[in-house]
Amino acid sequence: VQLQASGGGLVQAGGSLRLSCTASGRTFSGYVMGWFRQAPRKEREFVASIRWNSGNTYYADSVKGRFTISRDSAKNTVYLQMNSLKPEDTAVYYCATGRVGIVVTSTDKTKYEYWGQGTLVTVSS
């Protein structure tokens, strides 16, 4: 399984970006997909997740109301729409597939199995 994340870049505070994560080697059907981020000198942290089949979602409090996770089954792609970006959102963003059986509220990175290479988001003040 390979995950390819894209869409990062430099944006001013208050701006928007949309990240994409496309899988090859397997469909996401039946799995939970997650987005995590890692800022310099910080631990990788959970951002959002989606259960592929039901579309149920879950968000970290820090992004709730600003970020939206979604998926396109035909493209085998999961998205992270990020609005009202803040400088503290600056990080490398990673997509990941959850291990079999996890719930959409799983925020523990060890419960995610396959990871994309990351895409850098920089928000300037």
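Residue indices begin from 1 for each chain and proceed along its sequence in written order. Confidence filtering applies because this is a predicted model: local features only for residues at pLDDT of at least 70, side-chain atom pairs given and counted only at 80 or more, and all residues used for totals across whole chains, interfaces and linings. By convention in this description, side-chain values take in all heavy atoms of the structure and omit both hydrogens and water.

Asks: I'd love a proper account of the overall build of the protein chain, names of residues and values included.
Replies: For the protein chain, the helix and strand inventory stands at zero helices and 11 strands. The helix and strand labels rest on DSSP assignments: H or I over at least four residues marks a helix, E over at least two residues marks a strand, and numbering proceeds from the N terminus. If you list the helices and strands of the protein chain from N to C, you get β-β-β-β-β-β-β-β-β-β-β. In this setup the radius of gyration rests on C-alpha atoms only. A globule is expected at 2.2 Å times the number of residues raised to 0.38. In terms of C-alpha radius of gyration, the protein chain reaches 13 Å, essentially the compact-globule figure of 14 Å for 125 residues. Each principal axis of the C-alpha atoms in the protein chain carries an extent, and together these give about 40 × 25 × 25 Å. Per-residue accessibility, obtained with a 1.4 Å probe over protein chains only, is compared with the maximum for each type, and a residue is labelled buried under 20%, exposed over 50%, and partly exposed between these values. Counting only residues that meet the buried cut, the protein chain has 42% of its 125 residues in that class.

Asks: Describe the sheet that holds strand 3 (residues 17-24), naming the residues involved and giving the relevant values.
Replies: When DSSP locates at least two bridges between a pair of strands, those strands are taken to pair. Read across the sheet, four strands follow the order 1-3-8-7 without closing on themselves; strand pairing throughout is antiparallel. Edge strands, defined here as strands with exactly one partner in the open sheet, are strand 1 (2-6) and strand 7 (67-72). Between one strand axis and the next, the sheet turns by 15° as a mean value, whatever way the strands run. Note that strand 7 and strand 8 (residues 77-82) share six bridges and pair antiparallel. Of the residues in strand 8, the one forming a bridge with isoleucine 69 is leucine 80. A fitted line through C-alpha atoms serves as each axis, taken over the contacting stretch for helices, and the angle formed by two N-to-C directions is quoted from 0 to 180°.

Asks: Any chance you could break down the pattern of salt bridges for me, citing the residues and the numbers?
Replies: Salt bridge criterion: a side-chain nitrogen from Lys or Arg within 4 Å of a carboxyl oxygen from Asp or Glu. A full pass over the atoms with the stated rule returns five salt bridges. Between glutamate 45 and arginine 37 there is a salt bridge; the shortest N-O distance is 2.6 Å. Looking at glutamate 45, the relative accessible area reads 36%, which means it is partly exposed. Each of Arg37, Glu45, Arg66 and Asp89 takes part in one network of salt bridges that share partners.

Asks: So, the state of the cysteines: which residues are in play, and what are the values?
Replies: By disulfide we mean two sulfur atoms from cysteines, separated by a distance within 2.5 Å. On inspection of all chains with the given rule, the structure shows one disulfide. In this model, cysteine 21 is linked to cysteine 95 through a disulfide, with the two sulfur atoms separated by 2.0 Å. Between cysteine 21 and cysteine 95, the S-S dihedral sits near 65°, and the bridge is therefore right-handed. Of this pair, cysteine 21 sits in strand 3 while cysteine 95 sits in strand 9 (residues 91-98), placing them 74 residues apart in sequence.

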